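The chain contents come next:
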Amino acid sequence: MLEIKNLHARVNPEEGADLAILKGVDLTVPAGEVHAVMGPNGCGKSTLSYVLAGHEGYETTDGAIRFEGEDIGELEPEERAARGLFLSFQYPVEIPGVPTLTFLKEAANAQRRARGEAEISAPDFMKLARENAAKLGISNDMLKRPVNVGFSGGEKKRMEIFQALMLAPRFLILDETDSGLDIDALKVVAEGVNALRNPERGMLVITHYQRLLDHLKPDVVHVMAGGRIVESGGPELAHKLEAEGYDKYAGEAA
Amino acid sequence: MPAVKETIEDVRRLEADKYKYGFSTEIEQEFAPKGLNEDIVRFISEKKNEPEWMLEWRLDAFRRWLKMDEPNWAKVGYPPIDYQDAYYYAAPKDAARYKSLDEVPEEILETYKKLGIPLREAEVLLGVEGAEDVTAAEARERPRVAVDAVFDSVSVATTFKAELEKAGVIFMSISEALHAHPELVRQYLGSVVPVTDNFFATLNSAVFSDGSFVYVPPGVRCPMELSTYFRMNAQGTGQFERTLIIADKGAYVSYLEGCTAPMRDENQLHAAVVELVALDDAEIKYSTVQNWWPGDAEGKGGVYNFVTKRADCRGRNSKVSWTQVETGSAITWKYPSCVLRGDNSQGEFYSIAVTNGRQQADTGTKMIHLGRNTRSRIIAKGISAGRSDQTYRGLVSVHAKAAGARNFTQCDSLLIGDQCGAHTVPYIEAKTPHATLEHEATTSKLSEDQLFYARQRGLDEETAVALLVNGFCRDVLQELPMEFAVEAQALLKVSLEGSVG
Amino acid sequence: MNALVKLSAFEAALAEALPEGDLRAELSARGLPHRRVEDWKWSDLRTALARFDPASPALTLTASRSPDRTAEPEHGERLMARLAGALGQGEVYELAPGERLSLDIRAEAGAGHKVIEVIVPDGAEAALHETYQAAPGALANIALVIRVGAGARLTRLIEQDASPDGVIVLTGELELAQGARAHQTTLGFGARLARLETRVRHAGGGAHLTLDGACHVGAGLHLDQTTIVRHEGPDGITRELFKSAAAPGGRAVFQGKIHVERPAQKTDAQMNHRALLLGEGAEIDAKPELEIYADDVVCAHGNALGALDAAALFYMRQRGLDDARARALLTESFLMEPLDAVADEAERERLKARLRASLGAVS
């Protein structure tokens, strides 16, 4: 479903120093599977999520990103979104003055139009919002607030998963979704993500720790270091990393 | 708020033509000769069949104007205006004799149709095409709006007259009011903006062509929103409207003013005066969407908009609220103000100003606190894009006797691109220890992070910009009457097209 | 162009003293700054000086050491600074690393003018301490140009003593080179008219400027603190905190302008002014201004005017303080904030004691 081949990327020189961050990432996530990417700070995990989503701050210098057989490497962020790629941000952005539901309805219908589908009606959208909010314990009051404004770190992550439920993407990238969550919130978020699992949908879970993976039970765990995938294995790999740390990959950074 | 969806759809319609109001109507005009002198002033007065005192008033203003200097303190630059190289009067022929809408020439009605003002309809200005998603709006009764349309200089049609008359509300062109209610006009005209107030107001006093007159009698809540669409049409004509609104004791009126102007290559001068008088316990809400032709991307053409708007909160507990959405004009010079004379009176100013291309705007407000326990609130949102320059200029002045006065001011500027300017120039004066004045201002740019986030969720760049700008302006947009909010949001997007990327 | 003004006797005498040339022509045509001149809206210098006599000036400068040079220092472009340059003597001080220079300026009579240039060499750290006073009927017109070199640090302290019936005009121009740091603190008490103007250029990028000020303006006095900060290079930081209190019959003016030019991207500028009116007849005027031409900047200003918090006053009185004491304490705590940033403890305590004494004496 998602195929990343020999992906090289660097910070766009306009944004800072000319720094290569991804140095040949190879990764394939078939439909229906959940893959985790773990790695030490600074290994390029978050860059990978930005590059997949098409952030202009990064330049792809080599390699390809194929999504359902299509090369999406040159597409605009919204075109990738319309194809079903959803990024749950590590630091969800606050957008003052724009109510969450207004924003989501705009987004849902923009995606639908781009795919040639009928737009969702206001009553259907509201009904769906109420159902999904209930699943995540999100109050009506939270929905009325502007996008992410005034939310705690944990609430923002919950709202990201709520947005995923609303937009029903084909593929989710969860970037450090567990950071800033206490144990109860982690459980709620994990349940939300698990509810999104189905045979047609793929997921890439980027995380530093294995605690979210205890709830999500990934099919494959990859270790990223020095801008590359250096090891892949089953869920047991995550436990090994938790016990042994990332020290043994330190040499890969070169 | 469902309006955002409507906005997007509205905007899509508007996108087809960046300035859809840029057309001109072929219609015969009657001009005064070019130039400005006492004979022109007499010509205008005579054309309108005015009483002698009115002519004297105009002549007095004209003579004073000759001795005045054009103000130069605003942060706007333009070539010198040749006041002798313009027409000061243009009326559609036979304009004064319309008895009903049926007599109005088809071209004029067509113009209004293109502007989205279906005069023939009872519910005017509502239900902008394609607005299906108005569950909330449909639930409530559609407010009705009476229109006094100004086509260049003469008011061509007035709707809803009968119903307003029943309520005792007087709503007519000011020329008409001079004949029908001379005592009211004489009592209040120039009582808020004196003849010698400033260069442009004095010019207006000498040559004002037409405008609206509203009087709401004591205790009457005006049964509908009153609206005027100003529109300049004839090439090289200045537009000098004069509006006078009086809310007598305990009265309420909401007045909407919308402006669009046809596309022109040469600059057009616009110097309006609006006077509001609120007596004891009266309230006036005055909303404007200003979309005069801003000139092209190189700064050619466009309207020079020098406007004097002032409200006198004369009575106790009176309240005046100005709301403006300014997207048009090459030059804007405009400071809708409140003189808070009555004890416990309140003034509000809510403003969105957008400049793009080579537009220059110097706009803000003045809140003059004279009475006790007077309150004022200023929320100004400025968006600068392209190579434009925008200045918020505001005065909050609290006099020694205004114990208990309070003001809150918030000015936020948003810059889009690195070739524009955004400036804030507030003047704050306090002469009593029993006052509290707070002022905050911020300047920021459109956030790349917000843009990326919105695009990751599937919105294209222009829609994302419009959404973010609407969010930035939300505090002001929600002060606008529903039908104006929709138009305003559409205008915001159209005005900012091409400003990103 | 403005029409010619009728000169006051003071202005005529001042013009008479000037050599033929542009400056004399300009002064003769426009007179001194007055309330119709935008930058002097709330400080009518022309009126304040109208009855003064500029003849037989007596201005003394007591410095902690002798100047390095006395010839033709820089004085900047402003009218009052040019007058100081044309009519007063000049001195130049090049500060040694670690030096603390003090300048005590007193106008005893007539119109006294002086131009001073202070240079802080690249990488040096130095301090400048100025005191200003004007006797009744005397004008002190001082132009100061301060250059802070690349990576240099300057701590500047300005004390303006209460000068009833005297007039003080200080035009300070600071130029900050790449990576320079400057921290200026003003403590002022007002005069018949006192104008303390600070103009700063972030000429190089990455400079860090702090402008702080506290003032307590007594009855019949006036104090105008004007700051104009120009960011010309990128990555500059400006922090301003001004607190003013005006006693009954006193007038405090704050004009602050932050100007960010197009190349000055990533500028971070914050300006704050808070003021208290201590009784009937007090007046506060403020104009906090932003002029921004670069988009990737964070600029903000806040301004708040008002009276002491009634709830806090009541609370203190309920605990047993009398009204006057409670007011003095609250005013003191309000005004002290800018002084808290003075790094030298002894200096800080001395300044606070001065402020405390003034509050006890006047309010």
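Refer to the structure above for everything that follows.
Below you will find a few notes about this structure. Predicted model only: the values in this text are computed from it and were never measured.

**Overview of the overall build of chain A**
So, point 1. Looking only at helices and strands, chain A has nine helices and twelve strands in total.
So, point 2. For 254 residues, the compact-globule formula gives about 18 Å, and the C-alpha radius of gyration of chain A, at 18 Å, lands near that figure.
So, point 3. Along the first, second and third principal axes, the C-alpha atoms of chain A reach 55 × 40 × 35 Å.
So, point 4. Here chain A, with 254 residues, has 53% of them falling under the buried criterion.

**Some details on the pattern of salt bridges**
Charged atoms that come close allow side chains of opposite charge to pair.
So, point 1. Per the counting criterion, the structure on display carries 76 salt bridges over all chains.
So, point 2. The residue Arg170 of chain A makes a salt bridge to Glu68 of chain A at a minimum N-O spacing of 2.7 Å. Highlighted residues: Arg170 of chain A in the loop between helix H6 (153–167) and strand E9 (171–175) and Glu68 of chain A in the loop between strand E4 (58–67) and strand E5 (70–71), separated in sequence by 102 residues.
So, point 3. In this structure, Lys75 of chain B and Glu291 of chain C form a salt bridge, with 3.2 Å as the shortest nitrogen-oxygen distance. Residue Lys75 of chain B is found in the loop between helix H3 (52–66) and strand E2 (90–92), and its partner Glu291 of chain C is found in strand E16 (residues 283–292); the two belong to separate chains.
So, point 4. When its relative accessible area of 30% is taken as the criterion, Lys75 of chain B is described as partly exposed.
So, point 5. By sharing partners, the salt bridges in this structure join Glu117, Arg147, Glu175, Arg201, Arg230, Glu232 and Glu261 of chain C into a single network.

**As for the interface of chain B and chain A**
So, point 1. Facing the 24 residues of chain B at the interface are 36 residues of chain A.
So, point 2. With both chains or domains summed, chain B and chain A bury close to 2,500 Å², and 60% of this area falls on carbon and sulfur atoms.
So, point 3. The largest per-residue losses of area from chain B upon contact with chain A belong to Phe452, Tyr453 and Arg457 of chain B, which jointly make up 32% of the total buried on that side.
So, point 4. The interface formed by chain B and chain A contains four salt bridges.

**Things to note about the packing of aromatic side chains**
So, point 1. Taken as a whole, this structure holds 27 aromatic pairs over all chains when the rule is applied.
So, point 2. Consider the rings of Tyr50 of chain A and Tyr58 of chain A, whose centres lie 5.9 Å apart with planes at 25°: the pair is stacked.
So, point 3. Stacked on the ring of Phe472 of chain B, the Lys or Arg Lys381 of chain B has its end atom at 5.2 Å from the ring centre.

**Concerning the side chain of Asn356 of chain B**
All names here are of chain B.
So, point 1. Mapped onto the elements of the fold, Asn356 is located in the loop between strand E17 (346–355) and strand E18 (360–369).
So, point 2. Asn356 sits in the buried class, given a relative accessible area of 13%.
So, point 3. Once residues lying within four places of it in the same chain are set aside, the contact partners of Asn356 are Ala385, Gly386, Ser388, Ser495, Leu496, Glu497 and Ser499.

**Some thoughts on helix H2 (residues 38–47) of chain B**
Residue and element names in this part refer to chain B.
So, point 1. Turning to H2, its buried residues number three or more, namely Ile40, Val41, Ile44 and Ser45. In an axial view of H2, the angular spread of the buried residues amounts to 135°, which keeps them on one side of the axis. Residues of H2 that are exposed and point more than 90 degrees away from the buried face comprise Asp39 and Glu46.
So, point 2. Tucked into the core, H2 has its buried residues touching H3 and helix H9 (199–207).
So, point 3. Two or three places before Asp39, at the start of H2, stands the capping residue Asn37, its side-chain oxygen 2.9 Å from that residue's backbone nitrogen.
So, point 4. Looking at the residues trailing H2, positive phi occurs at Asn49, about 55°.

**Observations concerning the sheet that holds strand E2 (residues 20–29) of chain A**
Strand-to-strand pairing in sheets goes through backbone hydrogen bonds, with the strands running parallel or antiparallel.
Residues and elements named next belong to chain A.
So, point 1. Across the sheet, four strands lie side by side as E2-E1-E4-E5; this open sheet has antiparallel pairing. Two strands close off the open sheet at either side, each with one partner strand: E2 and E5.
So, point 2. Bridge count for strand E1 (residues 2–11) against E4 is eight bridges, and the pairing is antiparallel. When the bridges of E4 are listed, Ala9 appears paired with Thr60.

So, how was this worked out
- Residues numbered from 1 in each chain as written.
- Chains lettered and ligands numbered in written order.
- Predicted model: local features only at pLDDT ≥ 70, side-chain atom pairs only at ≥ 80, totals over all residues.
- Heavy atoms only, no water.
- Helix = DSSP H or I, 4+ residues; strand = E, 2+ residues; numbered from the N terminus.
- Rg over C-alpha atoms; globule rule 2.2 N^0.38 Å.
- Buried < 20%, exposed > 50% of the residue type's maximum accessible area, 1.4 Å probe, protein only.
- Salt bridge = Lys/Arg side-chain N within 4 Å of Asp/Glu carboxyl O.
- Contact = heavy atoms within 4.5 Å.
- Buried area = accessible area lost by both parts, 1.4 Å probe.
- Phe/Tyr/Trp six-rings, centres within 6.5 Å; stacked < 30°, edge-to-face > 60°.
- Lys NZ or Arg CZ within 6 Å of the ring centre and 35° of its normal.
- Arc of directions from axis to C-beta.
- Polar contact = N/O pair within 3.5 Å; in protein donor to acceptor, adjacent residues only side chain to side chain.
- Pairing = 2+ DSSP bridges.

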